[in-house]
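What follows is each chain in one-letter form.
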Amino acid sequence: MQGIVVIKCGGSTMDQLPDTFFQAIAKLQADGKRIVIVHGGGPAINGMLDRVQITPQFVDGLRVTCEDTLRVVEMVLCGNINKALVRRLTQAGAKAWGVSGIDGQTLIAEKTTKPLGWVGEVKQADTTIPLAILGQGYVPVIAPLSVSADGSDAFNVNADVAAGAIAAALSAQKLVMVTDVPGILRPQPDGSKALVQETSAEEIGQMITEGIITGGMIPKVQAALDSLGQGVNQVVICRGTAEDLLAVSAGEAVGTTVRTNVKQSQ
């Protein structure tokens, strides 16, 4: 049986995903690949918050989630975004099934101690629902909401963190993080930026310290490192074009590959 590939679609890229992206997922599924999608929805959430006159707040690239914001997050992620992705996958010829991390307690979390409100720190990822959906020949499309162990509270979870936790629990072959940049970019003396093709935990720590990795890329690389530490073989950060997805699936180098130990980039 083929290994599982978890693909995280960033909210900032959602509206930019072309039909070819979904066609590539359909092709991979038809070829027997087991694909799991975890999605964000930041811009759509911000748009709805603006409509209900709530000002979005962020700390270190993570959304601050008050109770009213949580209601909006649930509505947008589990409703509009999740079902839009399922529809586009279906139109492309894939079989997709949309759920959230709340369903079947796929993501069990505790409220963070950081000043982020109703944001959950994932304590356990249960693979029962994703594996059941995969077993029926569908692509699980998972919204990054979580639930407390007793089911009494729901929490918002950063989509990168959710994808990393699900990939680790599934012992995924690869975690592909689709974003709006080609990968991690390192500033050059002439003012340009060069793609970091391979990197490691040690080098990522240095790049955060040096201010090369900032904002929303920080939870992305931290989730990558966490998943690698829990058994995921490889994490790729890339634009996620159809060409990228097919190349990654074929084992070709695309974007930035994060491994446990590699030589530092120059």
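In this text the structure is predicted, and so the values were computed from the model without any measurement.

## A closer look at the side chain of Asp244
- Checked against the element boundaries, Asp244 lands in helix α8 (residues 242-249).
- Although Asp244 is buried, it forms no salt bridge, and the closest oppositely charged side chain is Arg239 at an N-O distance of 6.6 Å.
- Once residues lying within four places of it in the same chain are set aside, the contact partners of Asp244 are Cys238, Arg239 and Val254.

## A short note on the pattern of salt bridges
- Using the criterion set out here, one finds 8 salt bridges in the structure.
- A salt bridge links Asp160 to Lys8; the nearest nitrogen and oxygen atoms lie 3.0 Å apart. Separated by 152 residues along the polypeptide, Asp160 in helix α5 (residues 159-169) and Lys8 in strand β1 (residues 4-9) bring together distant segments of the chain. Taken individually, Asp160 and Lys8 each receive the classification buried, so the pair is uniform in this respect.
- The residue Arg186 makes a salt bridge to Glu203 at a minimum N-O spacing of 2.9 Å. Residue Arg186 is located in strand β12 (residues 185-187), and its partner Glu203 is located in helix α6 (residues 201-209); the two are separated by 17 residues in the primary sequence. By the burial criterion, Arg186 is buried, and Glu203 matches it.
- Taken together, the salt bridges that share partners define one network made up of Lys8, Asp160 and Lys220.

## Focus on helix α7 (residues 217-229)
- End to end, α7 covers 18 Å across 13 residues, agreeing with the expected 18 Å (1.5 Å per residue, within 8%).
- In the stretch just after α7, Gly231 is the one whose phi turns positive, near 115 degrees.

## Here we look at helix α4 (residues 128-135)
- Along α4, the positions that sit buried rather than exposed are Pro130, Ile133 and Leu134. Seen end-on, α4 carries its buried residues on one side only, within an arc spanning 100 degrees. The exposed residues of α4 that point more than 90 degrees off its buried face are Thr128 and Gly135.
- Contacts made by the buried residues of α4 are with β1, β2 (34-39), β5 (96-100) and β8 (139-143).
- Positioned one or two residues after α4, Gly137 has a phi angle of 85 degrees, which is positive.

## Some details on the environment of Val221
- Within the element layout of this structure, Val221 appears in helix α7.
- The sequence separation of Val221 and Gly164 amounts to 57 residues, and the corresponding C-alpha distance is 9.8 Å.
- With sequence-adjacent residues up to four places away left out, Val221 is seen in contact with Ile184, Ile204, Ile208, Ile213 and Ile237.

## Here we look at the nonpolar core
- Ile7 and Phe21 are the most contacted members of the largest nonpolar core, which has 44 residues in total.
- Here this core gets 9 residues from one element, more than from any other, and that element is helix α3 (residues 67-91).
- Excluding its chain neighbours within four sequence positions, the residues that come into contact with Ile7 are Phe21, Ile25, Ile35, Val36, Ile37, Val38, Val176, Val178 and Leu245.

## Examining unusual backbone geometry
- Here Gln105, not a glycine, exhibits a phi torsion of approximately 50 degrees, which is positive.
- Position of Gln105 relative to the elements: it lies in the loop between β5 and β6 (107-111).
- Since its relative accessible area comes to 29%, Gln105 is described here as partly exposed.
- A positive phi angle, near 50 degrees, is found at Ser171, a position not held by glycine.
- Looking at where Ser171 falls in the secondary structure, it is placed in the loop between α5 and β11 (174-178).

Scoring rules and cut-offs
- Residues numbered from 1 in each chain as written.
- Predicted model: local features only at pLDDT ≥ 70, side-chain atom pairs only at ≥ 80, totals over all residues.
- Heavy atoms only, no water.
- Helix = DSSP H or I, 4+ residues; strand = E, 2+ residues; numbered from the N terminus.
- Buried < 20%, exposed > 50% of the residue type's maximum accessible area, 1.4 Å probe, protein only.
- Lys, Arg positive; Asp, Glu negative; His and termini not counted.
- Salt bridge = Lys/Arg side-chain N within 4 Å of Asp/Glu carboxyl O.
- Contact = heavy atoms within 4.5 Å.
- Expected span 1.5 Å × (residues − 1).
- Arc of directions from axis to C-beta.
- Core = buried A, V, L, I, M, F, W, Y, C linked by side-chain atoms within 4.5 Å.

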